[in-house]
Amino acid sequence: MSQLLEVSGVSVSFDGFKALNNLSFSIGKAELRAVIGPNGAGKTTFMDVVTGKTRPDEGSVLWGEPPVSLLGKSESKIATAGVGRKFQRPTVFEDQSVQDNLIMALKKARSPLSVLLFKPEASDFARVDELADVIGLGPVLSMKSGELSHGQKQWLEIGMLLAQEPKLLLVDEPAAGMTLAERKKTTQILRDAAKSRAVVVVEHDMDFVRRLDCRVTVLHEGSVLAEGYIDHVTQNQQVIEVYLGR
Amino acid sequence: MAELTAGPARRRPLVVRYPSVLIFLTCLGLFTLGATILSEGFGIGVISTSFVKTLGKTLCLCLVALGMDLVWGYCGILSLGHMAFFGLGGYAIGMWLMYERTRLIVVDSLAAGGLPATPEEISSGIAAQIFGVVGASEFPPVWAVAHSLPLQLAAVVLAPGLLALVFGWLAFRSRVTGVYLSILTQAMTLALSLYLFQNDSGLRGNNGLSGLQNLPGLENTSQAIVSIWFLWGSALALGLGYVLAAWMVSGKFGSVLRGIRDDEARVRFLGYPVEAFKLFVFTVSAVLAGIAGAIYYPQAGIINPAELAPIASIYLAVWVAIGGRGRLYGAVIGAAFVSLLSSWFTGGQAPDLNILEYRIQWVDWWTVLLGLSFVAVTLFAPKGIGGLFDLLAARRNPNRHGQDLGPDHGSLREKEADA
C-alpha cells in the first residue's frame, strides 16, 4: 500500500534541545494510528512539522501520490492540501454559533474574494446538519460555541476537521478532560473517521489508546521507540522503562 | 424537548441577518431630512451653515470610524494610522479643487489684459498662484493630473488604497501583529505627515491646501446651499459604506474576520490565507477612509499635514473604543458622539468649572476628560456605548436556542412553555 504521509529523518532543535531526532513515520490512506510518549517526547513538535508551523532542520516530509514535499509550504496551503489539525486545548470560535463554525470549516474555496461572495446553499446546510449529527451537536447548532461544555467543544472541533474533508487528521489529545461516556463517543467518531482517511491521534491516556484498537507509535526523546499493536508495544522492555521509570 | 427545538439559522437576506442596517439607514435618512429642514439653505434657518458643515464632517468621521471598526473591531488589527488614508483622500480632491479654482481666476485676470492667453501663460500663472507661498513657480510631478477631475477622483481611491496595499503586504507577510503593528502604522502616518510638512513635497508644505470650500464654477452659489449638498453627499457615502460593511461582516467573510481576531493560528490551520484576508480588509477600509476624507475636507475648507499627525489616528481609535468596537453602529455612534462633544467642549461653549481656587477651562481639560473616559471604557465597559443596546436586547425574551425551560415541566412557573 502506498503511503499518504511519509516523514523521514526529521530533526528539529530549539536552542540546542533536540525536540525531534531523526524521526521517521509513515501512514497509509485509511489508517488509524495512535502516537504516545511521555512529555517532551516530541509529539506536538511532530505535528507542528507536518502542518508547517515549524520548519525542520533536516529531513523530508512527503505527501500524497505522487509525493510532494510539504516543507516550506504555508500552514494554510498545507491545510487546503488535506491536512487537518486539532489542537490539545479545544480551539473553536467561541463568539460564533456552532453552525457558523462548521460552515467556516466546510471544504470550499478559501480566497478572500470567493469567501466574500460565498452563499451557503441547501446542500451546505444539509452537510452541516449531517456533521452535527455525527458529533452529536444537532440540537445546539444555533448556540454560541462558547456556551458548549468542554466535551462538546472538543467534538465541535473534530466536526470542523471532518468538514474540511482532510485526507489526514492530526488529533492532539482529543479525550483530555472528557468523562468516560464522552470518551467512548469520541473513540467511535475517530474510528469511523479512519474508515475513509488517515487519522493520527496523539494521546497520553493508555486506556483510551487501547480502546482505539489500532497500531501505536511510541515516541521517546524525539524519535520512534517502538511501533505495533498496543499489547505488543506495552510488552516492549524499553517502553516499560520509559513509561514506568527506570 | 424535541418539539421545542428551533431550526438552525438558514441563509436570510442582509437586513434580517444584520437588522441594524435598516434601523441605521432610517435614522440616517431622518437625520439628513431634519438637518435639511432646519438649515439656512433649504429650510427654515434654525441651524447655521457652519453647524451644517460640522454635521456633514461628523458623518465623514463616522465613515472612517466604520472602516476602523472593520480592521480593528472585526479583524483585530489595531491600526493607529488610519487618518493618513483619510488625509490622502482629502489631498487628492483638494488638488483638483485648488487647481481648477485658481485656473478660473487666472484665466479671468489674463482675459482682462486684452490678448488671449496661451496655455503656457495660464499654466505658469496657476503655478505661481498656488506655489508662490512656498517659493516655487513650477508644478511638481504629483500635480500631473490635477487638471482632471475624474483622474483626481480616481486618486481619492487609488492613493490610500495603494499605500494600504503596499504597507499591509509588507507588514502582514512578515506576520507583524499586535502592538508592533500599531507602532508601525503610527510610524507610517508620522512619516507621511513629516514628509508633507516639507515645502518641496509639492503639496505646499505646512500651508496645506486651502479654499477648498469654494467649488469651481459655483462661485454664485451660497455656502448655505453647498453645505447641504455636502451633507447629503456625506450621508449617502455613510449609508453606502454601512451597507457595504454590514454585507462584508454578516456572512462567512465576517466569520473568518472574527476568527482571525480571536485565534489567528486556528484560522490558518482551517486553510484560510490569513494574510490575504487582513490585506483585503485593510485596503478596503483605507479606501473607505480616503473617500470619507475627500468629502470631509471640502467642508472643512483647508487641509494641512497636521491633519495626518499620529494623534488624529489615536483619536479615531478612541472614538471606536468608546462607541463599541466589533459592531458597526457602535463605531458610528462613538465617532458622532465624541467628535460632536469634542467640538462643543473645545468650541468655548462649555461653561468653565470652578473647583476651589482652580478654574477648569474645557478647551484645555477636554483632552484629559477624553483620556479618562477612554481608560474608564476600556476597564469597565469594553463594549462601549454600543453595549447599552445589549441591555435593551436582554429585556426581550431570551433566545433559548430550543432548549427547554428547566429540568422538567414541574419547574415552570408560567405557561411559557406553551408560547
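Note that the coordinates shown come from a computational prediction; the quantities given were computed from them, not determined experimentally. (Residues numbered from 1 in each chain as written. Chains lettered and ligands numbered in written order. Predicted model: local features only at pLDDT ≥ 70, side-chain atom pairs only at ≥ 80, totals over all residues.)

## Regarding the overall build of chain B
This is how it is decided: Comment: elements are numbered from the N terminus, with helices defined as DSSP H or I runs of at least four residues and strands as E runs of at least two. With C-beta atoms placed from the backbone, a residue is labelled by how many other C-beta atoms lie within 10 Å of its own: buried for 20 or more, exposed for 12 or fewer, partly exposed between the two.
Each helix and strand in chain B was counted, giving 15 helices and 4 strands. Based on the C-alpha atoms only, the size of chain B along its principal axes is roughly 100 × 55 × 50 Å. Across the 419 residues of chain B, 42% fall into the buried class.

## Here's the deal with the overall build of chain A
The condition that has to hold: Atoms counted for the radius of gyration: C-alpha only. Globule rule: 2.2 Å times the number of residues to the power 0.38.
When you go through chain A residue by residue, the secondary structure sums to 10 helices and 10 strands. Whereas a compact globule of 246 residues would reach a radius of gyration of roughly 18 Å, chain A reaches 18 Å, a difference of no more than 12%. Along the first, second and third principal axes, the C-alpha atoms of chain A reach 55 × 40 × 35 Å. Counting all 246 residues of chain A, 44% fall into the buried class.

## Describing the pairing of strand β7 (residues 168-172) of chain A
Sheet faces and side chains relate simply in a regular strand, where the side chains alternate between the two faces. All names here are of chain A. This is how it is decided: At least two bridges found by DSSP between two strands are what make those strands a pair. Clockwise travel from the first strand over the helix to the second, with the strands pointing away from the viewer, marks a crossover as right-handed.
Of all 5 residues in β7, 4 are buried, a share of seventy percent or more. Two elements, strand β6 (residues 83-86) and β7, share 4 bridges in a ladder whose sense is parallel. Each bridged residue has a counterpart across the sheet, and for Lys-86 the counterpart in β7 is Val-171. Here β7 pairs with strand β8 (residues 198-202) via 5 bridges, running parallel. Note on β8: the bridge partner recorded for Asp-172 is Val-202. Taking the sense of rotation as the criterion, the β-α-β connection linking β7, helix α7 (residues 180-193) and β8 turns out right-handed.

## Let's talk about the interface of chain A and chain B
The test is simple: Throughout, a residue-residue contact means that the two C-beta atoms, derived from backbone geometry, are no farther apart than 7 Å. All amino acids are sorted into three groups, where Ala, Val, Leu, Ile, Met, Phe, Trp, Tyr, Cys and Pro are nonpolar, Asp, Glu, Lys and Arg are charged, and the leftover types, Gly among them, are polar.
The interface is formed by 30 residues belonging to chain A together with 29 residues belonging to chain B. Listing elements by their share of the side of chain A that touches chain B, those giving two or more residues are α2 (75-81), α3 (98-105) and α4 (112-116) of chain A. Looking at the side of chain A that touches chain B element by element, the count peaks at 5 residues for α3 of chain A. Across the side of chain A that touches chain B, the residue classes tally to 15 nonpolar, 9 polar and 6 charged.

## Remarks on unusual backbone geometry
All names here are of chain A. Residue Pro-66 is bonded to the preceding Glu-65 through a cis peptide linkage, with omega at -5 degrees. Mapped onto the elements of the fold, Pro-66 is located in the loop between β4 (58-63) and β5 (68-69). Of note, the phi angle at Asp-15 is positive, near 50 degrees, even though the residue is not glycine. Residue position: Asp-15 is located in the loop between β1 (3-14) and β2 (17-28). We classify Asp-15 as exposed; it has 4 C-beta atoms within 10 Å. One non-glycine residue, Asp-213, lies in positive phi territory at about 55 degrees. By the secondary structure assignment, Asp-213 is in the loop between α8 (206-212) and β9 (215-220). Asp-213 gets classed as exposed once you count the C-beta atoms within 10 Å, which come to 12.

## Looking at the sheet that holds β5 of chain A
Pairing within the open sheet is antiparallel, and its 4 strands lie in the order β2-β1-β4-β5 (chain A). At either end of the open sheet lies a strand with only one pairing partner, and these are β2 and β5 of chain A.

## Describing the confidence of the model for chain B
Cut-off, in case you're wondering: For every residue, the predictor reports its confidence as pLDDT, a number between 0 and 100.
Summarising the model, chain B shows a mean pLDDT of 88, and 91% of its residues fall at 70 or more. Every residue in residues 1-8 of chain B is under pLDDT 50, and counting partners more than four places away or in other chains gives 11 contacts.

## Some details on the sheet that holds β7 of chain A
Residues and elements named next belong to chain A. The condition that has to hold: Only C-alpha atoms enter the line fits that serve as axes; for helices the fit covers just the stretch in contact. Angles between N-to-C directions range over 0 to 180 degrees.
Across the sheet, which stays open at both edges, the 6 strands sit in the order β6-β7-β8-β3-β9-β10 with mixed pairing between neighbours. The sheet terminates laterally at β6 and β10 (223-229), the two strands that pair on one side only. Taken pair by pair, the neighbouring strands of this sheet meet at an average axis angle of 20 degrees, ignoring direction. Relative to β8, strand β3 (residues 32-36) runs parallel, the two being bridged by 4 bridges. By the bridge assignment for β8, Ala-34 is matched with Val-201. Lying on the sheet, α7 is in contact with β3, β7 and β8; it crosses β8 at an angle near 145 degrees.

## Examining the environment of Ser-145 of chain A
Residues and elements named next belong to chain A. Following the sequence through the fold, Ser-145 ends up in the loop between α5 (122-134) and α6 (150-163). In the structure, Ser-145 is positioned 44 residues away from Asn-101 in sequence and 8.0 Å away in space, judged by C-alpha atoms. Ignoring sequence-local partners within four residues, the contact set of Ser-145 consists of Val-92, Phe-93, Glu-94, Gln-96, Ser-97, Val-98, Asn-101, Lys-153 and Leu-156.

## A few points about the nonpolar core
Under the convention used in this document: For this analysis, nonpolar core means a set of buried Ala, Val, Leu, Ile, Met, Phe, Trp, Tyr and Cys residues linked through C-beta atoms within 7 Å.
Counting residues in hydrophobic clusters, the biggest one holds 179 residues, and the most contacted among them are Val-64, Ala-65, Leu-66 and Ala-292 of chain B. Looking at this core, the element that brings in the most residues is helix α11 (residues 274-300) of chain B, giving 17 residues.

## A word on α6 of chain A
All names here are of chain A. Filter applied, for reference: The span expected for a helix works out to 1.5 Å for each residue beyond the first.
Its 14 residues place the ends of α6 20 Å apart at the C-alpha level, agreeing with the 20 Å of an ideal helix rising 1.5 Å per residue. Burial runs high along α6: 13 of the 14 residues are buried. One or two positions beyond α6, positive phi appears at Glu-165, with a value near 50 degrees.

## Comments concerning the packing of helix α4 (residues 82-111) of chain B against helix α5 (residues 119-131) of chain B
Residue and element names in this part refer to chain B. Short version of the rule: Each angle gets one of four labels, with under 35 degrees taken as roughly parallel, over 145 as roughly antiparallel, 65 to 115 as roughly perpendicular, and the rest as oblique. In this scheme the handedness of a crossing depends on how the near helix is turned from the far one: anticlockwise by less than a right angle means left-handed, clockwise means right-handed.
Where α4 meets α5, the axes come as close as 9 Å, and the angle between the chain directions of the two elements is 120 degrees. As the angle between them shows, α4 and α5 are arranged oblique. Here α4 and α5 pass one another in a crossing that is right-handed. Where α4 abuts α5, its residues Met-98, Tyr-99, Thr-102, Arg-103, Val-106, Val-107 and Leu-110 lie against Glu-121, Ile-122, Gly-125, Ile-126, Gln-129 and Ile-130. Of the residues assigned to the contact of α4 with α5, the class counts are 8 nonpolar, 3 polar and 2 charged.

## Describing α11 of chain B
All names here are of chain B. Over its 27 residues, α11 extends 38 Å from the first C-alpha to the last, a length consistent with the 39 Å expected when each residue adds 1.5 Å. Of all 27 residues in α11, 25 are buried; the element is thus mostly enclosed. In the segment just after α11, Gly-301 is the residue with positive phi, at about 90 degrees.

## As for the packing of helix α2 (residues 20-38) of chain B against helix α8 (residues 223-250) of chain B
Residues and elements named next belong to chain B. Two numbers describe how α2 lies on α8: the axes approach to 10 Å, and their chain directions differ by 180 degrees. Classified by the angle their axes make, α2 and α8 are roughly antiparallel. Every residue of α8 that contacts α2 at Val-21, Phe-24, Leu-25, Leu-28, Thr-32, Ala-35 and Thr-36 is listed here: Ile-228, Leu-231, Trp-232, Ala-235, Leu-238, Gly-239, Tyr-242, Val-243 and Ala-246. Residues that form the contact of α2 with α8 fall into these classes: 13 nonpolar, 3 polar and no charged.

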